[in-house]
Amino acid sequence: MKLRSRITFGTLGLLLISLGLCCALIVSVSKKNMLNSTTSYVQTELQKLVANFFSSGNEIKKTDGTLTEESKIKYYFFKQTQYSDADTEYVLQNGDRMLYNNSGLNAGKILELDEAEESNNKAVYDIKSSIIHQGKNYYCICGKNIDIGEERYQISVVRSITGLYRQIYQMIAVCLVIGMIISMIAAVSMIIFLKKSFKPLELLKDEDDAISKGEYERHIEVKGKDELASLSQSFNAMAKAVESHIAEVEETSEARNRLIHALSHEMRTPVTAICGYAYSLRNMKMTDEQREEALGFIDIEAKRLGGLSGKLTDLVGLTPDKIELKDIELADLKKHLEMIWSGRDDIILTVGNGSIKGDMELLIMLITNLCDNAKKADATKINIDISERGISVKDNGKGIPQEDMKHIFEIFYQGDASRNQQGFGLGLALCQKIAALHNSRLCVESKLQEGSVFSLQFPYNSLMT
């Protein structure tokens, strides 16, 4: 069973129990009040009857003879009760002898008037009351003992309360109907409310299923500011993180595949050349001059493989935990670069004053790689500008085609216009990594046949002022 259904049925169950208890309490209190009111009314009627009956007691006592006295009592009793309403009836009895009874009930026996008087020694004017059910009718009976002469009589008032009980049953039926209507309205309202409230959870499930199938770009539209909205926002953040991570993994995997393919391609040429010349030296007759030429080619290609290994080692080995950015005086950096390019008139070096925070060897490696890259692009003039703001290397080489711009920092990538046997396509990738280690990024602007400008800006927090 779904959570929404469990909450609906559970809440409806509690609602029905609450309504049932409320209805039962209302009916019980109403019934008690109605019965108490009726009993009070009957007791009042009894008290009036007894009071009026005693006011005629002197005339009854003057009559001589038992028969005449009973006749007098019946007459006065009838006289007092003849104008009562249709639901009120009266009983006058002397023990088991009925002197007057229009109710058909033995009220004295029902109320146990004689027994109660004799066993409990109660006052003669105490009133007893009872609610009884006979057949399909309900009655409220109130009675008491009175003494007339030497005789004890029981006077009782009997009121039919069948209509009252009918009202009570109608009240119960109305409560049940109202309770059912309220429950139905509550059920429909709760279903609509829960369906709307749990919609984000259903969307979460759908999106979770979609993500499990590889649709990582999916997200939930967030509405409101409740807990489910917060959960939806958290899910969207998680989905975005998963999408980003998957994209990163795919990009890394793709870059790794490109690296393996490029590495295989780059190594194939020198390895093939070395194997070919080695086979020739071992199996073919060669002159001393040819042998020296073959050995020279083997040496060149071996050094080429060594250079490739060194570049890869530099590229892979450069990690943030292995370098430490220190304060570098620009004057010291200028001295090192002038020593490297001593005697070269194609490089114009401009260095400002002040200091920067970085790694001296890595920055020299970046600048020299950019210069070597410019030289491979047939540059005859290279302007290097170094300041506290950053580094700029501008050349007048043949430039970079627009379609190659987005690939130039990829490992082993070499544009067709510059592809030659002088490099491996690792220089710019190494420069970009050095820039990243200095919390920056290497940018490039280039025009064909006009040259290129590579620039690196130091972040503000790395400058020394």
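All of these numbers come straight from a predicted model, not from anything done at the bench. (Residues numbered from 1 in each chain as written. Predicted model: local features only at pLDDT ≥ 70, side-chain atom pairs only at ≥ 80, totals over all residues. Heavy atoms only, no water.)

When its secondary structure is counted, the chain shows 12 helices and 13 strands. When burial is assessed residue by residue, the chain has 35% of its 465 residues classed as buried. Considering only intrachain contacts with a sequence separation of at least 6, the fraction spanning at least 24 residues in the chain is 64%. Accessible surface, the chain as shown: approximately 28600 Å² in total, 54% of it carbon and sulfur. (Helix = DSSP H or I, 4+ residues; strand = E, 2+ residues; numbered from the N terminus. Buried < 20%, exposed > 50% of the residue type's maximum accessible area, 1.4 Å probe, protein only. Contact = heavy atoms within 4.5 Å. Areas by Shrake-Rupley, 256 points an atom, 1.4 Å probe, with all protein chains shown as cover.)

Now for the confidence of the model for the chain. Close inspection of predicted coordinates is inappropriate for parts of the model with low pLDDT. Looking at the chain as a whole, the pLDDT averages 78, with 79% of positions reaching at least 70. Looking at the elements of the chain, mean pLDDT is at its lowest for strand E13 (residues 463–464), recorded as 40, and at its highest for strand E10 (residues 390–395), recorded as 94. Low pLDDT, under 50, characterises residues 416–421; the stretch is placed with 10 contacts to residues that sit more than four places away or in other chains. Low pLDDT, under 50, characterises residues 460–465; the predicted model gives this stretch nine contacts beyond four residues in sequence or across chains. (pLDDT = per-residue confidence, 0-100.)

Ile367, Leu370, Ile382, Ile384, Ile386 and Phe454 are the most contacted members of the largest nonpolar core, which totals 37 residues. Among the elements of the structure, helix H10 (330–340), strand E7 (347–351), helix H11 (360–376), strand E9 (382–386), E10, helix H12 (427–437), strand E11 (442–447) and strand E12 (451–457) are those that each provide at least two residues to this core. Tallying contributions element by element places H11 first for this core, with eight residues. Excluding its chain neighbours within four sequence positions, the residues that come into contact with Ile382 are Asp346, Ile347, Ile348, Cys371, Ala374, Val393, Lys394 and Asp395. Residues Leu49, Ile73, Tyr138 and Ile146 belong to the second largest nonpolar core, which totals 28 residues. (Core = buried A, V, L, I, M, F, W, Y, C linked by side-chain atoms within 4.5 Å.)

Another point: the packing of H10 against H11. At their nearest, the axes of H10 and H11 sit 11 Å apart, and the two run at 45° to each other. The angle between the axes of H10 and H11 places the two elements in the oblique class. Regarding H10 and H11, the two cross each other, and that crossing is right-handed. Facing Asp332, Leu333, His336, Leu337 and Ile340 of H10, the residues of H11 in contact are Met360, Ile364, Ile367 and Thr368. Residue composition of the contact of H10 with H11, by class: six nonpolar, two polar and one charged. (Axes fitted to C-alpha atoms, helices over the stretch in contact; angles between N-to-C directions. Parallel < 35°, antiparallel > 145°, perpendicular 65-115°, else oblique. Left-handed = near helix turned anticlockwise from the far one by under 90°. Nonpolar A, V, L, I, M, F, W, Y, C, P; charged D, E, K, R; others polar.)

Taking strand neighbours across the sheet as the criterion, the five strands line up as E2-E1-E5-E4-E3 in an open arrangement whose pairing is antiparallel. With one partner strand each, in any of the chains shown, strand E2 (97–101) and strand E3 (128–134) form the two edges of the open sheet. Within this sheet the neighbouring strands show an average axis-to-axis angle of 25°, counted without direction. The pairing of strand E1 (residues 88–94) with E2 spans four bridges and is classified as antiparallel. In the sheet register, Leu92 faces E2, and the bridge partner there is Tyr100. (Pairing = 2+ DSSP bridges.)

On to the side chain of Asp359, then. Structurally, Asp359 can be placed in the loop between strand E8 (355–358) and H11. Of the side chains with opposite charge, Lys326 lies nearest to the buried Asp359, which makes no salt bridge, at 7.4 Å. Reaching out from Asp359, the side chain makes a polar contact with the backbone nitrogen of Glu361 at a distance of 3.2 Å. For Asp359, the side chain forms a polar contact with the main-chain nitrogen of Leu362, separated by 3.0 Å. Ignoring sequence-local partners within four residues, the contact set of Asp359 consists of Ile323, Glu324, Leu325, Ile328 and His438. (Lys, Arg positive; Asp, Glu negative; His and termini not counted. Salt bridge = Lys/Arg side-chain N within 4 Å of Asp/Glu carboxyl O. Polar contact = N/O pair within 3.5 Å; in protein donor to acceptor, adjacent residues only side chain to side chain.)

A cluster of nonpolar side chains, contributed by Tyr169, Ile172 and Leu176, occupies part of the molecular surface with about 290 Å² of accessible area. Structurally, the position occupied by Leu176 is in helix H6 (residues 162–197). (Patch = residues over 30% accessible without salt bridge, like charges linked within 9 Å, V, L, I, M, F, W, Y side chains within 5 Å.)

Our focus in this paragraph is the packing of aromatic side chains. Taken as a whole and judged by the stated rule, the model has two aromatic pairs. Seen from their ring centres, Tyr165 and Tyr169 are 6.3 Å apart, and the 55° between their planes marks the pair as tilted. In this pair, Tyr165 and Tyr169 both sit in helix H6, four residues apart, roughly one turn of the helix. Counting every residue linked through ring pairs, the aromatic cluster contains Tyr138, Tyr165 and Tyr169. (Phe/Tyr/Trp six-rings, centres within 6.5 Å; stacked < 30°, edge-to-face > 60°.)

Note on placement: Ser28 falls in helix H1 (residues 3–55). Separated by 140 residues in sequence, Ser28 and Ile168 have C-alpha atoms that sit 9.3 Å apart.

Backbone geometry follows two general trends: most residues other than glycine have a negative phi, and most peptide bonds adopt the trans configuration. Of note, Glu112 is a non-glycine position whose phi angle comes to about 55°, a positive value. Tracing the backbone through its elements, the reader meets Glu112 in the loop between helix H4 (107–111) and helix H5 (113–120). Accessibility expressed as a relative area gives 44% for Glu112, which makes it partly exposed. Backbone geometry at Asp378 places phi at a positive 65°, although glycine is not the residue there. Topologically, Asp378 is positioned in the loop between H11 and E9.

All right, on to H11 then. For H11, which comprises 17 residues, the first-to-last C-alpha distance of 24 Å matches the rise-based estimate of 24 Å (1.5 Å per residue) to within 8%. Three or more residues of H11 are buried, namely Leu362, Leu363, Ile364, Leu366, Ile367, Thr368, Asn369, Leu370, Cys371 and Ala374. For H11, the side-chain oxygen to backbone nitrogen distance between the N-cap and Glu361 is 3.2 Å, and the N-cap itself is Asp359. Following H11 by one or two positions, Asp378 adopts a phi angle in the positive range, close to 65°. (Expected span 1.5 Å × (residues − 1).)

To continue, consider the sheet that holds E10. Strand order in the open sheet formed by five strands is E7-E9-E10-E12-E11, and the pairing between neighbours is mixed. Either end of the sheet is taken by a strand with one partner, and the two such strands are E7 and E11. Pairs of neighbouring strands in the sheet enclose a mean axial angle of 10°, with direction left out of account. Here five bridges tie E7 to E9, and the two strands are oriented parallel to one another. Within the sheet, the bridge partner assigned to Thr350 lies in E9 and is Asp385.

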